[in-house]
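Structural characterization, general
Okay, here's what each chain looks like letter by letter:
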Amino acid sequence: SPAAQDLPTPTSLYFCSFFLKQLDRIIIHQQVELLEAILGTETCSKYEIKNHLGQRVYFAVEENGCFNRNLCSPIRSFTIRIADNSGREVITVNRPLRCNSCWFPCFLQELEVQSPPGTVAGYVVQNWDPFLPKFTIQNESKEDVLKIIGPYATCGCFEDVDFEVKALNEMSTIGKISKYWSGFVNNVFTNTANFGIQVPVDLDVKIKAVMIGACFLIDLMFFENSLDGL
């Protein structure tokens, strides 16, 4: 599992920047949890983060308590630690316990991404909208950088579900976060998910790290239940 570090180091910053700088497509594959599939209980999520060739670049592990995980499930607080293949932690994603309902617009989802750990790279902030899933990507100074807008329905009946990454004016699309359809059996009997992130290759590496955090947030908010994706 990823080894936590108390302070960021130049080495961890270099390795994170080196890999992310080259990527314009990131694949996130959630690992199958046998206990969760058989008993229906929530276990800590584990993910492999791959490049467009399917080569693993990072490994991510969710940390939280069993009570929090099973009682609060889709809105649970967590820390996700992302490490490279040598076990060096390069990105930390922190999500506090907050609401995700349009009836509570003052306490919607917000997620912090650190890269390297201990240094804020940016934030993902849920925006109130009565119909569409909307999020704002912010930099380390909480300045708005990009928007993410999802579809009216996220059930994805036998097809991929795309959340478009847009400029702040919401007119031009520069990328997307996609939840890939993984088949009837997988979607019914497990919560495992495959996601793809497509962004410009020259996008700031810190914002690429924040996009990974946004993908985790979208997964837990919209695809946590085992029947999602049908």
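Taking an unreviewed UniProt entry as the reference, the protein is identified by name as Phospholipid scramblase belonging to Meleagris gallopavo. Its UniProt record gives the protein the following Cofactor (unreviewed entry) comment, quoted word for word: "Ca(2+)". The UniProt entry for the protein carries the following comment under Sequence similarities (unreviewed entry): "Belongs to the phospholipid scramblase family."

Looking now at the overall build of the protein. A tally of regular secondary structure across the protein gives 5 helices and 12 strands. Of all 230 residues assigned to the protein, the portion counted as buried reaches 50%. Restricting the contact set of the protein to residue pairs at least 6 apart, pairs at least 24 apart contribute 45%. Put simply, the protein shows about 10,700 Å² of open surface, and 59% of that area lies on carbon and sulfur atoms.

Inspection of every chain in the model, using the stated rule, returns 11 salt bridges. Glu170 serves as the salt-bridge partner of Lys134, at 3.5 Å between the closest nitrogen and oxygen. Taken together, the residues span a long stretch of sequence, with Lys134 in strand β8 (residues 134-139) and Glu170 in the loop between β10 (161-166) and β11 (173-180) at a distance of 36 residues. Lys134 sits in the buried class, given a relative accessible area of 17%. Glu170 gets classed as partly exposed once you look at its relative accessible area, which sits at 28%. The salt bridge partner of Lys176 is Asp162, with a shortest N-O separation of 3.9 Å. Placement of Lys176 in strand β11 and of Asp162 in strand β10 is noted, with a sequence separation of 14 residues between them. Residue Asp162 is classed as partly exposed on the basis of its relative accessible area of 32%. Through salt bridges with shared partners, a single ionic network connects Glu48, Lys50 and Arg56.

Note that Val210 resides in helix α5 (residues 205-222). The spatial distance from the C-alpha of Val210 to the C-alpha of Thr92 is 9.9 Å, given a sequence separation of 118 residues. Residues in contact with Val210, not counting those within four places in the same chain, are Val113, Ala121, Gly122, Tyr123, Val124 and Ile137.

The 12 strands are arranged β1-β2-β3-β4-β5-β6-β7-β8-β9-β10-β11-β12 in a closed barrel whose pairing can be described as antiparallel. Direction aside, the axes of adjacent strands within the sheet are offset by 20° on average. Looking at chain direction, strand β3 (residues 56-63) and strand β4 (residues 78-84) are connected through 6 bridges and run antiparallel. Bridge pairing links Glu62 to Ile80 in β4. Most of the contacts of α5 go to β8, to which it runs at about 150°, and overall it touches β1 (25-30), β2 (46-50), β3, β4, β5 (89-95), β6 (110-114), β7 (120-127), β8, β9 (144-149), β10, β11 and β12 (194-198).

Most of β2 is tucked away: 4 of the 5 residues are buried. Sheet topology note: the β1/β2 ladder contains 4 bridges and is antiparallel. Paired with His29 across the bridge in β2 is Glu48. In sequence, β2 turns back onto β3 through a hairpin of 5 residues, with Gly54 there showing a positive phi of about 85°.

Between its first and last C-alpha atoms α5 spans 26 Å; for 18 residues at 1.5 Å apiece the expected length is 26 Å, and the two agree. The buried fraction of α5 is high, at 16 of 18 residues. Where α5 begins, the side chain of Asp204 points an oxygen toward the backbone nitrogen of Lys206, at a separation of 2.7 Å.

Turning our attention to the nonpolar core. Within soluble globular proteins, side chains that are nonpolar generally end up buried alongside one another. Formed by 45 residues in total, the largest nonpolar core has its most connected members in Ile28, Ile82, Ile148, Ile177, Ile212 and Phe216. If near-sequence neighbours (up to four positions away) are discounted, Ile82 is found in contact with Ile49, Tyr58, Phe59, Ala60, Arg88, Glu89, Val90, Ile91, Val93, Ile212 and Phe216.

Pairing geometry for β10 and β11, over 6 bridges, is antiparallel. Across the sheet, residue Glu164 finds its bridge partner in β11, namely Lys176. Hairpin remark: β10 followed by β11, antiparallel, with 6 residues in the connecting loop; positive phi at Glu170, about 65°. Alignment of β11 against β12, held across 5 bridges, turns out to be antiparallel.

Here is what the cut-offs are and how they apply
- Residues numbered from 1 in each chain as written.
- Predicted model: local features only at pLDDT ≥ 70, side-chain atom pairs only at ≥ 80, totals over all residues.
- Heavy atoms only, no water.
- UniProt positions renumbered as here; feature names shortened; annotations may be inferred.
- Helix = DSSP H or I, 4+ residues; strand = E, 2+ residues; numbered from the N terminus.
- Buried < 20%, exposed > 50% of the residue type's maximum accessible area, 1.4 Å probe, protein only.
- Contact = heavy atoms within 4.5 Å.
- Areas by Shrake-Rupley, 256 points an atom, 1.4 Å probe, with all protein chains shown as cover.
- Salt bridge = Lys/Arg side-chain N within 4 Å of Asp/Glu carboxyl O.
- Pairing = 2+ DSSP bridges.
- Axes fitted to C-alpha atoms, helices over the stretch in contact; angles between N-to-C directions.
- Expected span 1.5 Å × (residues − 1).
- Polar contact = N/O pair within 3.5 Å; in protein donor to acceptor, adjacent residues only side chain to side chain.
- Core = buried A, V, L, I, M, F, W, Y, C linked by side-chain atoms within 4.5 Å.

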